[in-house]
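Read off the chains here:
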Amino acid sequence: MDDNSVTNFLKVSPHRLPGLFRRPALDRQTAWEVRATRQAGKPVLRDRLESLCYGRSLCNSHDTIRAMGIKVVATNRKARFEYFLLEEFEAGLALQGSEIKSVRAGQVSLNDAYVQIENGREAWLMETHIAPYTQANRFNHDPKRPRRLLLHRREIRALWNAVRQKGMTIVPTRLYLKDGLAKLEIALARGKKLHDKRETIARRDAEREMRRGGRL
């Protein structure tokens with residue numbers, strides 16, 4: 001299969017995956033994996049493309065999120081302003097019963113949240129506020145307790161090695177429900193300097209003016 005055939009193959013169902021392929025083509029190995037998945041009769045959308053979407057930052061459009069059955073519960077709006085997001089990961093969350101009910105109700109804030117790696121073995125979500133569930137009574141949870149992130153060992157090791165470099169950190173960017181399960185999108189990030197933040201503000205202002213001009 002040549003490169004053109006790979007590109008054409010990946011465009012067979014653009015109506016099912018709006019806005020997903022923002023790059024001109026995927027690498028050959030990935031294309032062959034997608035093809036093998038389709039030939040095996042498995043749902044590509046829920047199988048390989050979903051991991052591509054989060055592992056390689058190819059999926060950020062709201063249309064694609066809705067197509068995948070994902071409900072965004074909370075977003076860390078400061079993350080893209082304060083940091084350069086270099087690589088994103090999807091993590092599960094170890095939650096109590098009252099916590100998942102509050103998450104489904106949208107009672108979550110990621111404003112002060114951060115991720116901590118302990119000795120390269122476990123990843124923890126810190127300072128995320130999940131409001132108490134009103135009907136849990138005395139079995140309610142601590143709103144800001146540390147919560148363990150469910151990641152593969154190799155992912156935890158890669159994050160651990162990265163954050164030991166100067167200026168690197170891990171920030172939560174988005175909490176969402178996928179097939180009824182709570183998932184957290186985290187990003188390996190590098191802090192922005194003052195001039196970087198000024199450029200971000202200037203770019204946002206320019207984009208806002210362009211949108212206003214388009215509506216006139």
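Coordinates for the structure precede this section.
Residues numbered from 1 in each chain as written. Predicted model: local features only at pLDDT ≥ 70, side-chain atom pairs only at ≥ 80, totals over all residues. Heavy atoms only, no water.

What to know about the overall build of the protein chain
Within the protein chain one finds 8 helices and 9 strands. Per-residue burial for the protein chain yields a buried fraction of 40% across its 216 residues. At a minimum sequence separation of 6, the contacts of the protein chain that also span at least 24 residues come to 66%. Surface summary for the protein chain: the accessible area is close to 13100 Å², and the carbon and sulfur share equals 48%. (Helix = DSSP H or I, 4+ residues; strand = E, 2+ residues; numbered from the N terminus. Buried < 20%, exposed > 50% of the residue type's maximum accessible area, 1.4 Å probe, protein only. Contact = heavy atoms within 4.5 Å. Areas by Shrake-Rupley, 256 points an atom, 1.4 Å probe, with all protein chains shown as cover.)

Section: the pairing of strand 7 (residues 147-150)
Across the two faces of strand 7 the burial differs, with R147 and L149 buried and R148 and L150 not buried at all. As defined by bridge partners, strand 2 (residues 83-93) adjoins strand 7 across 2 bridges and the pair is classed as antiparallel. Directly across from L93, in strand 7, lies its bridge partner L149. As defined by bridge partners, strand 5 (residues 122-126) adjoins strand 7 across 3 bridges and the pair is classed as antiparallel. (Pairing = 2+ DSSP bridges.)

A few points about helix 6 (residues 97-104)
All of the buried residues in helix 6 are S98, E99, I100, S102 and V103. Lining the buried residues of helix 6 we find strand 1 (70-75), strand 3 (108-109), strand 6 (129-130), strand 7, strand 8 (168-178) and strand 9 (181-191). Where helix 6 terminates, the next one or two residues include G106, which has phi positive at roughly 80 degrees.

Looking at the packing of aromatic side chains
The final tally for this structure, using the stated rule, is 0 aromatic pairs. Here the basic side chain of K192 rests over the ring of F84, its NZ or CZ set 5.2 Å away from the ring centre. (Phe/Tyr/Trp six-rings, centres within 6.5 Å; stacked < 30°, edge-to-face > 60°. Lys NZ or Arg CZ within 6 Å of the ring centre and 35° of its normal.)

Remarks on helix 7 (residues 153-163)
What helix 7 keeps buried is the set E155, I156, L159, W160 and A162. The buried residues of helix 7 occupy an angular sector of 165 degrees when the element is viewed end-on, so they sit on one face. Exposed side chains of helix 7 directed beyond 90 degrees from the buried face belong to R153 and R154. Buried-residue contacts for helix 7 involve strand 2, strand 4 (114-118), strand 5, strand 8 and strand 9. (Arc of directions from axis to C-beta.)

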